[in-house]
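Read off the chains here:
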Amino acid sequence: LHLKCPEGHLPKDNYKILRCKTRVCEESDVPRCCDPCAACGTLQCDVTMVQRPGHRTCAGKVCSAVDVDTCCEPKASCTSISCGNASVPVADEGLTCAGAV
């Protein structure tokens, strides 16, 4: 029987020739038959974006442009914060905060 890789994993490139330890594939065979998807932390977000919080994985064994929405989120605009009484906003609408909204 074939092993279905769990969420966050993909079949190894040579999975068709690999065999489980016994006649029935079990969870202990996952490292033998499946590779983990890449962690979002390995994807470099655009300068206008930051990493999304939490442990997220890319769709493949290596992160690529298709993973941007999964791994990154837009930085908040400086217009979204209050400067308080002692400061005034900078007149550059293109400035962003260090983090997300």
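See above for the structure.
This text gives an overview of the structure that appears in the document. (Residues numbered from 1 in each chain as written. Predicted model: local features only at pLDDT ≥ 70, side-chain atom pairs only at ≥ 80, totals over all residues. Heavy atoms only, no water.)

### With respect to the pattern of salt bridges
Scanning the model with the defined rule gives five salt bridges in all. Between D35 and K61 there is a salt bridge whose closest N-O contact spans 3.5 Å. In this pair, D35 is assigned in strand β2 (residues 34–36) and K61 in the loop between β3 (49–51) and α2 (68–71), connecting sequence segments 26 residues apart. When its relative accessible area of 29% is taken as the criterion, K61 is described as partly exposed. Salt bridges here are not isolated pairs; linked through shared partners, they connect K12, D13, D35 and K61. (Salt bridge = Lys/Arg side-chain N within 4 Å of Asp/Glu carboxyl O. Helix = DSSP H or I, 4+ residues; strand = E, 2+ residues; numbered from the N terminus. Buried < 20%, exposed > 50% of the residue type's maximum accessible area, 1.4 Å probe, protein only.)

### Side note on the nonpolar core
Core analysis: the biggest nonpolar cluster contains nine residues, these being A38, C40, L43, C45, M49, C58, C63, C71 and C72. Setting aside anything within four residues of it in sequence, one finds A38 in contact with T57, C58, G60, K61, V62 and C63. Counting six residues, the second largest nonpolar core, distinct from the first, contains C5, C20, V30 and C33. (Core = buried A, V, L, I, M, F, W, Y, C linked by side-chain atoms within 4.5 Å. Contact = heavy atoms within 4.5 Å.)

### Remarks on the state of the cysteines
Under the defined criterion, the tally for this structure stands at five disulfides. Numbered by position along the chain, the disulfide-linked cysteines of the protein connect as 1-4, 2-3, 5-9, 6-10, 7-8. With no disulfide of its own, C33 lies 4.2 Å from the sulfur of C20, the closest cysteine sulfur. C37 carries a free sulfur, and the closest cysteine sulfur to it, the one in C58, is 8.1 Å from it. (Disulfide = S-S within 2.5 Å.)

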